[in-house]
Amino acid sequence: MVRILKLAGLTPDERAKLLKRAELDIDNALNVARSVIETIREKGDAGVVEFVRRFDYEGATVDNLKVTEAEFDRAFQTIEPDVKTAIEQAFRNIHEVHRRQMPEEVQLAEIEKGVFAGEKISPIPNVGLYVPRGRGAFPSMMLMLAIPAVVAGVNRVVVCTPPDKQGNVEPVSLVAARMAGVKEIYKLGGVQAIAALALGTESIQRVDKITGPCSVYGAAAKRLLFGTVDVGLPAGPSESIVLADESTDPRLAALDLLIEAEHGSDSAALLVTHSERVAIEASRHAAEYLQKLPDWRREFCEQGLAAYGGIILTDSLEESIAFVNEYAPEHLEVLVNDPFAILGKIQNAGEILLGTRTPSSMATYAIGVNAVLPTGGFARSYSAVSVYDFLKRSTLAYVTPEGFEKLKATTEKLAEYEGFPAHGLAIREREKLL
């Protein structure tokens, strides 16, 4: 049975523990990450190879870190036709969603007569994407990261992803990468990947931004390298809330609770409901569905549900919604009777999936919305990965002679007030020169 916790009965310490997620337990990983980063800073390629041999595969050398054209070719030859068909449909939907996000390159509006202001949109020149592999293969994650970067027009998109013990990158992920337009992939994971991308080495050119979900060690590396490189949104161990009311089928709630729970023992999966009947029956059904999973996935679910997840019983739908906003989950499934009626009340969630036919597994693979989302409560201030993660805005302005006349007095007065005489001088002297 999945544990049921009465929200009103929790002590402040118990509530704080519930809100804490695995990625927030980062202190122990910081020392490890710091050591790896400093070694790579000092040794470059040699340091990268040292840690790839230790953590990824023993046969690593400087020459075989980068995926070759032959490896891409083999991936296309080995992919099963039905898997390729699935990847192609996922690609089409993800690409269409992100194509529609692209803003106009130049936006300029007349603010008052003769005064024009707006912005120019440009892609970030070099971007590093981290595609995890630790507990499985994630070609869907490759698409979710690579497509918006390529659609945004990033000139150089480089991927780091952990290889297997033989030094091979998962082949379907290679197919997905090439389909999205990525050609530069390195076989390294964890802290060494983040450090190499951020610092650069003799053979791996540094990037301007890194994004992609990491383990707690990768998250520690990003924290330490903040300021050296833009480390993107906080994306760590997976987490979800299934929001239910008395109308929710407990079997659906139980099934969807397990979607995120099976990601790993550090994942957080919660069912939040004010219906005691739904809570009790969902707990029973979840225990039954767990028996249908392979042993290793069932173990992940059981460990994660015991440590970071479970069923939260509230006193009302309003209290459930308030808890959702406090928790700020990565994934939120809304299985209540009328999901659109409460949509306006949901303020903090990486993604909001409405209705009984929109499970998070479908959003992860097929709908096209981006599944790389803020975790650890950062949905309060961060958004899903999109083309905007790979674009930067330059403010744009143009003033005509008429506009100059309208603004000169205001500019001079504020420059004088703030004590910047050269600011005002530039206005007065300009009148003589133009």
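Thresholds, definitions, all that
Residues numbered from 1 in each chain as written. Predicted model: local features only at pLDDT ≥ 70, side-chain atom pairs only at ≥ 80, totals over all residues. Heavy atoms only, no water. UniProt positions renumbered as here; feature names shortened; annotations may be inferred. Helix = DSSP H or I, 4+ residues; strand = E, 2+ residues; numbered from the N terminus. Contact = heavy atoms within 4.5 Å. Areas by Shrake-Rupley, 256 points an atom, 1.4 Å probe, with all protein chains shown as cover. Lys, Arg positive; Asp, Glu negative; His and termini not counted. Charge placed at Lys NZ, Arg CZ, Asp CG, Glu CD. Pairing = 2+ DSSP bridges. Phe/Tyr/Trp six-rings, centres within 6.5 Å; stacked < 30°, edge-to-face > 60°. Buried < 20%, exposed > 50% of the residue type's maximum accessible area, 1.4 Å probe, protein only.

- Looking at an unreviewed UniProt entry, one finds the chain named histidinol dehydrogenase and attributed to Pannus brasiliensis CCIBt3594.
- The UniProt entry for the chain carries this comment under Function (unreviewed entry): "Catalyzes the sequential NAD-dependent oxidations of L-histidinol to L-histidinaldehyde and then to L-histidine."

**Re the overall build of the chain**
- Helices and strands together make up the secondary structure of the chain, namely 17 helices and 13 strands.
- Judged by the C-alpha coordinates and their principal axes, the chain covers about 85 × 60 × 45 Å.
- In the chain, once contacts between residues fewer than 6 apart in sequence are set aside, the share between residues at least 24 apart is 76%.
- Carbon together with sulfur atoms contributes 53% to the accessible area of the chain, which is approximately 20,500 Å² in total.
- Charged side chains in the chain number 47 positive and 60 negative. The centres of these two groups are separated by 3 Å.

**A word on the pairing of strand 10 (residues 310-313)**
- Where strand 1 (residues 4-6) lies against strand 10, three bridges are found, and the strand directions are parallel. The residue of strand 10 that forms the bridge with Leu 5 is Ile 312.
- Bridging between strand 9 (residues 268-273) and strand 10 involves four bridges; their strand directions are parallel. Within strand 10, the residue paired with Thr 273 across the bridge is Leu 313.

**With respect to the packing of aromatic side chains**
- As enumerated under the stated definition, the model contains five aromatic pairs in all.
- Ring centres of Phe 116 and Tyr 398 lie 6.1 Å apart, and the angle between their planes is 40°; on these two criteria the pair is classed as tilted. Residue Phe 116 is located in strand 3 (residues 115-123), and its partner Tyr 398 is located in strand 13 (residues 391-399); the two are separated by 282 residues in the primary sequence.
- A centroid spacing of 5.8 Å and a plane angle of 35° characterise the contact between Phe 323 and Tyr 327, whose relative ring orientation is tilted. Residue Phe 323 and its partner Tyr 327 are located together in helix 13 (residues 317-327), separated by four residues, close to a single helical turn.
- Under the relative-accessibility criterion, Phe 323 is labelled buried at 1%.

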